[in-house]
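Descriptive structure summary
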Amino acid sequence: MADTLKEILLDSARRPQVVTDFETLIDQEVSDKGGVSGAVVKTGFAAIKKVKPGIIPSAVDSLLDDFSQSLEPFYAAFKAQGGGDFGAYLATRSDEASDALLTVTDARAERSSRDSIKSVYKKLRGGAKKNVEEALPRVGQLVDKHAATA
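Quick caveat, the model's predicted, so the values are computed rather than measured.

Another aspect to go through is the overall build of the chain. From N to C terminus, the chain includes eight helices and zero strands. When the helices and strands of the chain are read in sequence order from the N terminus, they spell out α-α-α-α-α-α-α-α. Computed over C-alpha atoms, the radius of gyration of the chain comes to 15 Å, within 12% of the 15 Å expected from 2.2 N^0.38 for 150 residues, which places it in the range of a compact globule. Principal-axis analysis of the C-alpha atoms gives the chain an extent of 40 × 30 × 25 Å. Each of the 150 residues in the chain was classed as buried or not, and the buried ones make up 39%. Long-range contacts, defined here as pairs at least 24 residues apart, represent 73% of the contacts in the chain between residues at least 6 apart. A total of about 8,100 Å² of accessible surface is found on the chain, and carbon and sulfur atoms cover 56% of it. Within the chain, one finds 21 positive and 22 negative side-chain charges whose respective centroids are separated by 7 Å.

The tally for this structure, following the rule as stated, stands at five aromatic pairs. When the centroid spacing of 5.6 Å and the interplanar angle of 40 degrees are considered together, the rings of Y75 and F78 count as tilted. Taken together, the positions of Y75 and F78, both in helix 4 (residues 55–80) and three residues apart, correspond to about one turn of that helix. Residue F78 is classed as buried on the basis of its relative accessible area of 4%. Their ring planes at 90 degrees and their centres at 5.0 Å tell us that Y75 and F86 sit as a pair that is edge-to-face. Remark: F86 occurs in helix 5 (residues 86–92) and Y75 occurs in helix 4; sequence separation between them is 11 residues. Among the residues examined, Y75 registers a relative accessible area of 2% and is labelled buried. The class of F86 is buried, set by a relative accessible area of 0%. Taken together, Y75, F78, F86 and Y89 form an aromatic cluster joined through their ring pairs.

L9, F22, L71, F74, Y75, F86 and L90 are the most contacted members of the largest nonpolar core, which totals 37 residues. Contributing elements (two or more residues each) for this core: helix 1 (5–9), helix 2 (15–32), helix 3 (35–51), helix 4, helix 5, helix 6 (94–111), helix 7 (115–125) and helix 8 (128–149). Sorting elements by how many residues they give to this core places helix 4 first, with eight residues. With sequence-adjacent residues up to four places away left out, F86 is seen in contact with F74, Y75, F78, G140, V143 and D144.

Note on pairing: side chains with opposite charge can pair once their charged atoms come close. Counted according to the given criterion, the structure contains 13 salt bridges. When the shortest N-O distance is used, the salt bridge between K33 and E134 registers 2.5 Å. Here K33, found in the loop between helix 2 and helix 3, pairs with E134, found in helix 8; they are 101 residues apart in sequence, far enough to count as distant. A salt bridge links R108 to D66; its shortest N-O distance comes to 3.9 Å. Taken as a pair, R108 in helix 6 and D66 in helix 4 lie far apart in primary sequence, 42 residues in all. Using a relative accessible area of 27% as the deciding quantity, one classes R108 as partly exposed.

Before going further, it helps to examine the side chain of S112. Along the chain, S112 turns up in the loop between helix 6 and helix 7. On the basis of relative accessible area, S112 is assigned to the buried category, the value being 18%. Setting aside residues up to four positions removed in sequence, S112 forms contacts with I117 and K118.

What follows is about the confidence of the model for the chain. A residue-level look at the chain finds 99% of positions with pLDDT of 70 or above and a mean pLDDT of 91. Confidence, read as mean pLDDT per element, is least for helix 7 in the chain (82) and greatest for helix 5 (97).

Our next topic: helix 6. Its 18 residues place the ends of helix 6 26 Å apart at the C-alpha level, agreeing with the 26 Å of an ideal helix rising 1.5 Å per residue. For helix 6, every residue scored as buried is listed here: S94, A97, S98, A100, L101, L102, V104, T105 and A109. The inward-facing, buried residues of helix 6 abut helix 4, helix 5, helix 7 and helix 8.

So, how was this worked out
- Residues numbered from 1 in each chain as written.
- Predicted model: local features only at pLDDT ≥ 70, side-chain atom pairs only at ≥ 80, totals over all residues.
- Heavy atoms only, no water.
- Helix = DSSP H or I, 4+ residues; strand = E, 2+ residues; numbered from the N terminus.
- Rg over C-alpha atoms; globule rule 2.2 N^0.38 Å.
- Buried < 20%, exposed > 50% of the residue type's maximum accessible area, 1.4 Å probe, protein only.
- Contact = heavy atoms within 4.5 Å.
- Areas by Shrake-Rupley, 256 points an atom, 1.4 Å probe, with all protein chains shown as cover.
- Lys, Arg positive; Asp, Glu negative; His and termini not counted.
- Charge placed at Lys NZ, Arg CZ, Asp CG, Glu CD.
- Phe/Tyr/Trp six-rings, centres within 6.5 Å; stacked < 30°, edge-to-face > 60°.
- Core = buried A, V, L, I, M, F, W, Y, C linked by side-chain atoms within 4.5 Å.
- Salt bridge = Lys/Arg side-chain N within 4 Å of Asp/Glu carboxyl O.
- pLDDT = per-residue confidence, 0-100.
- Expected span 1.5 Å × (residues − 1).

Below, the structure is given as structure tokens:
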């Protein structure tokens, strides 16, 4: 069994499926959003996908290395405690884990040359932490799924 997120998520043989699974996870998270804030997220997500079809899997693939690195300390601590359910572990550290992931997307958005992407990201960023925190259990489950086959 692999011991690091790099070994689990970035292995060249496994990476395409990891990207596909994260794309599905993102679609599920967006679909599950409700209320006014959910409508904003859904509208922004649709706008991003309309600006550039295929942007979600491309973005996931391009961010996967940085996301893996940002979550590695959490995964190492999780493994040191004996493992179990990484999603539940992340949920208990949702503040720090979401900040770690958002640092990656903030940097990427800042470097984007597309003003439309920057604009949509800026509009969504205010509620992003809550959305990322809500997604952490699924993120952990996805890692667990791929760790089981690593």
